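Chain and residue survey
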Amino acid sequence: MATRCRIAPSPTGPLHIGTARTALFNFLFARHVGGTFVLRIEDTDVARSTLGNERDILEGLHWLGITWDEGPEVAGQPARGPYGPYRQMQRLDLYRTASDRLLSEDKAYPCYCTPDELAADRAAQEATHQPPRYVGRCAHLTAEQRRAREAEGRRPAVRFRVGEGVVAFDDLIRGHVEIDTTALGGDLVIVRSNGTPLYHFTVCVDDAAMAISHVIRGEDHLSNTPRHILLFRALGADVPTFAHLPLILNADRSKMSKRKSQTAIDDYRAEGFIKEAIVNYLALLGWSPGTEEEIFSLEQLGERFELERVHSGGAVFDRERLEWLNGQWIRRLPDEDLVERVLPYLVTRLEERRAEGATVHMPSGDDIVPLLPLVRERLPLLGSIADLVDFLFVDELAVEPALLVPKRWDVATTAAALGDARQVIADVGSISFEADELEAGLRALVDARGWKAGDLFMAIRVAITGRTATPPLFDTLVALGLERALARLDAAREALEDLT
RNA sequence: GCCCCCAUCGUCUAGAGGCCUAGGACGCCACCCUUUCAAGGUGGAGAUCAGGGGUUCGAAUCCCCUUGGGGGCACCA
């Protein structure tokens, strides 16, 4: 039997961290065993599903490099795979056929209960501390009773007979699990009274129809599994193998949610997390290689990943660790690649500056390449580029005068020192404007005056960048250029006059 | 309430009876490097393996109970 697994996202929200992780594990599993990875859209919740969400999910997965072997048509690309269509709303006739069959075999029955009746049942059960459960009012109606209800104009839902007994299965991650059907809440609705099918039913019909051999999903579905097994059996289908992944948790250890955590992949992407880091981090959330390695590309993960090495406890999402991995991966990117990824963030910052009225020089990739050695080790996020180099591309530099004065110096000393430094820099610049030359000249000045190098360098740093934390000073001077460096030093001295 | 799952440093985890006076990583602290910030290097604090019973010559590892946490119990997915 061919190994086939799937991710079945519901377009009721943008791509969620948890969905991405489940997709990743399915993808890696398929890669590792040479199986087929299927993507199916579960859009039967028409009220909440949107096309925008669907696009966000598909694009997000694609961006991460999680590609599927079979799936629906997207953006001009035709659907792929022999089991289509891969959108549930296009498979309604299949569910209809399946439910008709269950109905005719009396494995399911029409239920005429009204929402009010069901709510009353539940309230009564709650009052007596009973678990919620369908009371079975319509389970054994005679043909005549059904006709009577139809005559009243009631539209029936379809309920699946759960039956009695214990359902057992062997979960690849959790081992042997047994659940008594009495704990299942009674017969479940598989088709709404408006004719649209429900999740528990559609997953089983589709997994069966698409010959899914391995269902790898979140632990939140563990309790639903017996219901699914019963449905597979009723449908006359093979029961797939299950593997329930540990949940990703909020800091308080509850299931990760939008309320308590940042859950949209796209938000992380916008901040400047790169796909390599996200994939790497997500894989390590629940899976471990069993060695002390931790930097893995998507391809390497595919080689190493095994469900047997997924452990069963939930995992708190740790943004600090993600950031660390992000820095690791950013350091590993080739120059051209890094430039391309970082440029949009710089441009966005500069556009903001321009909107504020600043004169801005929009950089091209070629302008960024020489800066790479200065910033590469300083980028926890792609977006961090802006704070590091924006002052190179903006004419107006807002310098806080007080910042110019090092702790050990007073205003007069600082002003004089900046004047001396200006002279040295101008002299060096007239010959060759290079980092080594600048450093030698300025250190000589420091020695001649008996200063601490750090004091002079900090004063210059603030004068030319407006900041106290920057890439290395001499490289920054070179990147700025002689003329602008001198101009900023002059402006700084003028600013100091206001302090006296 | 009922059912199911889970339980090793703050966090992610290694550990599948003796190799564990529990290893790694993130974060944290210190030192080194150093013009700032990073990065890197070295060292450190940090887990009586939730608690209690067993089984065994021997248990973080197996069993049971307790506790704690989580998930599920919709005409949501």
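Structure first, text after, so check above.
Residues numbered from 1 in each chain as written. Chains lettered and ligands numbered in written order. Predicted model: local features only at pLDDT ≥ 70, side-chain atom pairs only at ≥ 80, totals over all residues. Heavy atoms only, no water.

**Looking at the environment of leucine 397**
This is how it is decided: We count a stretch as a helix when DSSP gives it H or I for four or more residues in a row; a strand needs E for two or more, and each element gets its number in order from the N terminus. For each residue, the accessible area found with a 1.4 Å probe, counting protein chains only, is set against the maximum for its type, and the residue is called buried under 20%, exposed over 50%, and partly exposed in between. Residues are treated as being in contact if the distance between any of their heavy atoms lies within 4.5 Å.
With respect to the element layout, leucine 397 can be found in the loop between helix H15 (385-389) and helix H16 (401-404). Among the residues examined, leucine 397 registers a relative accessible area of 25% and is labelled partly exposed. Between the alpha carbons of leucine 397 and alanine 358 there is a distance of 9.2 Å; along the sequence they are 39 residues apart. Setting aside its immediate chain neighbours within four residues, leucine 397 contacts Phe391, Ala463, Ile464, Thr465, Gly466 and Arg488.

**Section: the nonpolar core**
One recurring pattern in soluble globular proteins: nonpolar side chains tend to sit buried together. The following threshold applies: To qualify as a nonpolar core, a set must consist of buried Ala, Val, Leu, Ile, Met, Phe, Trp, Tyr and Cys residues joined through side-chain atoms within 4.5 Å.
Ranked by size, the top nonpolar core spans 111 residues in total, and within it Leu442 and Leu456 carry the most contacts. Looking at this core, the element that brings in the most residues is helix H1 (residues 17-33), giving nine residues. Setting aside anything within four residues of it in sequence, one finds leucine 456 in contact with Trp409, Ala417, Ala421, Leu442, Leu445, Val446 and Trp451. Counting 30 residues, the second-largest nonpolar core is a separate cluster that includes Ala98, Phe160, Val177 and Ile190.

**Description of the packing of helix H17 (residues 411-431) against helix H19 (residues 453-465)**
Our working definition: The axes used here are C-alpha line fits, helices contributing only the stretch in contact, and every angle between their N-to-C directions lies in the interval 0 to 180 degrees. The labels follow the angle: roughly parallel below 35 degrees, roughly antiparallel above 145, roughly perpendicular from 65 to 115, and oblique for the rest. Residues are grouped as follows: Ala, Val, Leu, Ile, Met, Phe, Trp, Tyr, Cys and Pro are nonpolar; Asp, Glu, Lys and Arg are charged; all remaining types, including Gly, are polar.
The N-to-C vectors of H17 and H19 enclose an angle of 80°; their axes lie 10 Å apart at closest approach. With respect to H19, the axis of H17 lies roughly perpendicular. Note on element contacts: H19 touches H17 through Leu456, Ala459, Ile460 and Ala463, opposite Thr414, Ala417, Leu418 and Ala421. Taken together, the residues of the contact of H17 with H19 sort by class into seven nonpolar, one polar and no charged.

**Some thoughts on the packing of H17 against helix H18 (residues 435-449)**
What counts is decided by this rule: Left-handed describes a crossing in which the near helix is turned anticlockwise from the far one by less than a right angle; the clockwise case is right-handed.
Running from N to C, H17 and H18 cross one another at 145°; their axes reach a closest spacing of 9 Å. The two elements H17 and H18 meet at a crossing, and its hand is right-handed. Residues Asp420, Ala421, Val424, Ile425 and Val428 of H17 touch H18, and the partners they reach there are Glu437, Leu438, Gly441, Leu442, Leu445 and Arg449. Within the contact of H17 with H18, the residues separate by chemical class into seven nonpolar, one polar and three charged.

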